[in-house]
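Next come the chains, spelled out residue by residue.
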Amino acid sequence: MSEQRRVAVWRDGTAVQVPAGQPVVTAFDQGLARGDGVFESVAVVERGTPRLDAHLARLTRSAALLDLPAPGDGAWRALVAAVTADWPSEVEGICRLFLTRGPGDGAPPTALALLAAVPEETLRQRTAGISVVSLGLGIPADFRAGAPWLLGGAKTLSYAVNMAAQRHAHAVGADDVVLTSLEGQLLEGPTSTVVWAAGGALHTPPVETGILAGTTQARLFAQAAAEGWPTSVTAGTVADLHAADAVWLLSGVRGAATVHTLDGSRRGDAGLSARVRELLAR
Ligand code: PLP
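A brief structural summary. No experiment lies behind these values; they were computed from the predicted model shown.

### Examining the overall build of the chain
- A tally of regular secondary structure across the chain gives eight helices and 13 strands.
- Whereas a compact globule of 282 residues would reach a radius of gyration of roughly 19 Å, the chain reaches 19 Å, a difference of no more than 12%.
- In the chain, buried positions account for 47% of the 282 residues.
- Considering only contacts within the chain whose residues lie at least 6 apart along the sequence, 69% involve residues at least 24 apart.
- Total accessible area on the chain is roughly 12900 Å²; 56% of this is exposed by carbon and sulfur atoms.

Structure below.
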């Protein structure tokens, strides 16, 4: 597997690919010590990284929310070019861009790119669908909008809670999670955006709840609207998902994963997943 991993690091104004097993970050890096940084996951397909622009825009917004000096799109494009340069085009990849506060004391932030093959399990869930449990995050839906210290809307490196939520799902026999607010409003998945079809429209929760603005959801809604499929930002609940015609968890690499089971109840997709995938493939 080691030949299917790449690492590139930003050093002295240049992107350098380094051997995948070679250390590239000091043990004093604030990204390691505190999760103080931001990241993006970008799909690498035969055509390269067709969605890079939207991810770089979000990376810049995330960095600004953390007061992190960002190296600029030119640096990220150079890092992506360095890790993908000798990548086999038939292997679907996931490219992760990391920006951390670095070691501090005036040292520059750490910027690096990793590339690995998309895990088999992700590919399986893309076609087989997923079983999901709803879990409470314990935060009122309107709280993060007025609490910038909670970094709502930023894709930070502090994903330990997101990963713990997924492990909890696995422990109870599910694949993934829908997080809810204190009052039971829908938020997002730990690594995905919630979208449901109901009343002839596509729905997704408002970003004012502090969730991440999903690039895949934005793309789907733009394509759907152009085709005359109405879209709506809706403050829904888990009951709305049970009643919906179809539910998906959307993310750049896995795409639209159809939720076939929610809190133990089987549910269908009214044949809509094929249309959603077709819109996302454009
Ligand atoms: N919400 C969270 C918390 C995520 O981590 C992600 C994906 O990384 C998403 C939503 C979906 O974002 P995108 O569609 O841009 O991959």
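### Observations concerning the site of the ligand
- The immediate surroundings of the ligand are formed by 17 residues, with Arg58, Lys155, Tyr159, Thr215 and Thr216 found nearest.
- Separating a nitrogen atom of the ligand from a backbone N or O atom of Ser192 is a distance of 3.4 Å.
- One nitrogen or oxygen atom from the side chain of Thr215 is found 2.6 Å from an oxygen atom belonging to the ligand.
- Burial of the ligand by the surrounding chains reaches 96%, relative to a free accessible area of 390 Å².
- Looking at the shell around the ligand, the elements that each hand over two or more residues are α2 (52-65), α6 (215-226) and β11 (246-251).
- Within the shell around the ligand, the residues separate by chemical class into four nonpolar, ten polar and three charged.

### Some details on the pairing of strand β5 (residues 110-117)
- A large share of β5 lies buried, amounting to six of its eight residues.
- Note that strand β1 (residues 5-11) and β5 share five bridges and pair antiparallel. Note on β5: the bridge partner recorded for Ala8 is Ala113.
- Direction of pairing for strand β4 (residues 93-100) relative to β5: antiparallel, over a ladder of eight bridges. Looking at β5, one finds that Thr100 is bridged to Thr110.

### A closer look at the pattern of salt bridges
- Summed over the entire model, instances satisfying the criterion amount to nine salt bridges.
- Note that Glu92 is salt-bridged to Arg126, the shortest N-O span being 2.6 Å. In this pair, Glu92 sits in the loop between α3 (73-84) and β4 while Arg126 sits in helix α4 (residues 120-128), placing the two residues 34 residues apart along the sequence.

### Notes on the nonpolar core
- Formed by 25 residues in total, the largest nonpolar core has its most connected members in Val38, Trp76, Cys95, Leu97 and Leu99.
- Counting residues per element, the ones that place at least two in this core are β3 (37-44), α2, α3, β4 and β5.
- With five residues, α3 is the single largest residue contributor to this core.
- Setting aside anything within four residues of it in sequence, one finds Cys95 in contact with Glu40, Ser41, Val42, Val44, Val80, Val83, Ala113, Leu114 and Leu115.
- Leu202, Ala224, Trp229 and Val276 belong to the second-largest nonpolar core, a separate cluster that totals 15 residues.

### A closer look at the packing of aromatic side chains
- Considering all chains together, one arrives at two aromatic pairs under this definition.
- Ring centres of Phe39 and Phe98 lie 6.2 Å apart, and the angle between their planes is 20°; on these two criteria the pair is classed as stacked. Of the two residues, Phe39 sits in strand β3 while Phe98 sits in strand β4, which places them 59 residues apart along the sequence. Phe98 carries the same exposure label as Phe39, and that label is buried.
- By way of ring pairs, the aromatic residues Phe39, Phe98 and Tyr159 are connected into one cluster.
- One Lys or Arg, Arg275, reaches over the ring of Trp229 and ends 4.2 Å from the middle of that ring.

Rules and cut-offs
Residues numbered from 1 in each chain as written. Predicted model: local features only at pLDDT ≥ 70, side-chain atom pairs only at ≥ 80, totals over all residues. Heavy atoms only, no water. Helix = DSSP H or I, 4+ residues; strand = E, 2+ residues; numbered from the N terminus. Rg over C-alpha atoms; globule rule 2.2 N^0.38 Å. Buried < 20%, exposed > 50% of the residue type's maximum accessible area, 1.4 Å probe, protein only. Contact = heavy atoms within 4.5 Å. Areas by Shrake-Rupley, 256 points an atom, 1.4 Å probe, with all protein chains shown as cover. Near = heavy atom within 4 Å. Polar contact = N/O pair within 3.5 Å; in protein donor to acceptor, adjacent residues only side chain to side chain. Nonpolar A, V, L, I, M, F, W, Y, C, P; charged D, E, K, R; others polar. Pairing = 2+ DSSP bridges. Salt bridge = Lys/Arg side-chain N within 4 Å of Asp/Glu carboxyl O. Core = buried A, V, L, I, M, F, W, Y, C linked by side-chain atoms within 4.5 Å. Phe/Tyr/Trp six-rings, centres within 6.5 Å; stacked < 30°, edge-to-face > 60°. Lys NZ or Arg CZ within 6 Å of the ring centre and 35° of its normal.

Function-wise, these values are silent; they only describe arrangement.
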